[in-house]
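Listed below are the residues making up each chain.
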Amino acid sequence: MLRIRLWQWPNLLAVDAALIALVWQAAFAAALGHEVSAAAQSVLGLSVWLTYMADRLFDVAKRPLQQLHSTRHRFAKQYRNTLWRCWWCVLLSNIGIAFTGLTSTQLKNGAALLMLCLLYTALNQRLSRRFFPKELCVAIIFAGGVIVFLLPSACLWPPACALALLCLINCLMIGAKEQCIDTALQVRSLSRLPSPLIHVLEISCALSLCFLNQAWALPIGLSLGALLIIHAYQKRLPVETFRVLTDSALLIGPSVAFCLQL
């Protein structure tokens, strides 16, 4: 029987990832002075949820319960039938919202990102037992999702690259902390690379702030600072707590920046 604390529910249900994407989208839109339609917000949030939940359900599909050590994987295994039913309902709703609420350009950009998501899911499930750079792929896809409905705008690419770097740091920190979980799942990814790589990426992300104006540098810098603090205290934190805090760090920067821009 799973013992689930209140603060674990957003992660177990994969709604934390959707919320993070929506807050970053709002912060980027505010920096551009753009308004994002309710349809674009809904499609982004639901698409992120669909991608994360499908990846998790595929992870547990052919693995016995004793091979699953994380709470989120055990939860997905225990309630997989219910979660799959919810997944299909959300997919149909998302398609309906996309075709009725998005512009033709947004549909085209969203379709391109969807192809990347499907390719990532297929390759990750096929290659992860040998090696697959899932952290890098997730970072690129996540940053792409944040800006996909704000294009075309050339000034988006530098902050989007910095955001992808920030997401990569987030994924690698979690992967390094959860190596025992990945080992049990027989998953091989970038998290097995030497830990100094994370420090190099943190320095690179900090340096990238020098090339961004304040509207972009503030949210990325705040979230990076939160990740650095959590990284410094990682040995004192249990795995589940560490994961939730590390993901929550990505909420701090855009939330503060968005509030200041209102």
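Here, every reference points to the structure presented above.
Note that the structure is a prediction, hence the values are computed from the model and not measured.

A. Quick look at helix α6 (residues 104–127). Over its 24 residues, α6 extends 34 Å from the first C-alpha to the last, a length consistent with the 34 Å expected when each residue adds 1.5 Å. What α6 keeps buried is the set Q106, L113, C117, Y120, T121 and N124. Buried residues along α6 sit against α3 (38–61) and α7 (134–147).

B. Quick look at the packing of aromatic side chains. Counting across every chain of the model gives eight aromatic pairs. Centre to centre, the rings of W9 and F75 are 5.6 Å apart; their planes meet at 90°, and the pair counts as edge-to-face. Taken together, the positions of W9 in helix α1 (residues 9–12) and F75 in helix α4 (residues 71–78) put the pair 66 residues apart, joining distant regions of the chain. With relative accessibility at 33%, the residue W9 sits in the partly exposed group. The class of F75 is buried, set by a relative accessible area of 5%. Consider the rings of F58 and W84, whose centres lie 5.5 Å apart with planes at 65°: the pair is edge-to-face. Residue F58 is found in helix α3, and its partner W84 is found in helix α5 (residues 80–101); the two are separated by 26 residues along the sequence. Judged by relative accessible area, which is 24%, W84 ranks as partly exposed. One aromatic cluster in this structure is built from F58, W84, W87 and W88. A cation over an aromatic ring shows up here: K177 above the ring of F242, its NZ or CZ 5.5 Å from the ring centre.

C. Structural view of the pattern of salt bridges. A full pass over the atoms with the stated rule returns two salt bridges. With a shortest N-O distance of 2.9 Å, E178 and R72 are connected by a salt bridge. Of this pair, E178 sits in the loop between α8 (157–177) and α9 (179–185) while R72 sits in helix α4, and the two are 106 residues apart along the sequence. Given the relative accessible area of 4%, E178 is considered buried. Shared partners join several salt bridges into a network, and the residues in it are R72, E178 and R243.

D. Structural context of the side chain of E240. As for its position among the elements, E240 is in helix α12 (residues 239–261). No salt bridge is formed by the buried E240; its nearest oppositely charged neighbour, R72, is found at 5.2 Å. What E240 contacts, discounting residues up to four positions off in sequence, is W7, Q8, S70 and T71.

Cut-offs applied
- Residues numbered from 1 in each chain as written.
- Predicted model: local features only at pLDDT ≥ 70, side-chain atom pairs only at ≥ 80, totals over all residues.
- Heavy atoms only, no water.
- Helix = DSSP H or I, 4+ residues; strand = E, 2+ residues; numbered from the N terminus.
- Expected span 1.5 Å × (residues − 1).
- Buried < 20%, exposed > 50% of the residue type's maximum accessible area, 1.4 Å probe, protein only.
- Contact = heavy atoms within 4.5 Å.
- Phe/Tyr/Trp six-rings, centres within 6.5 Å; stacked < 30°, edge-to-face > 60°.
- Lys NZ or Arg CZ within 6 Å of the ring centre and 35° of its normal.
- Salt bridge = Lys/Arg side-chain N within 4 Å of Asp/Glu carboxyl O.
- Lys, Arg positive; Asp, Glu negative; His and termini not counted.

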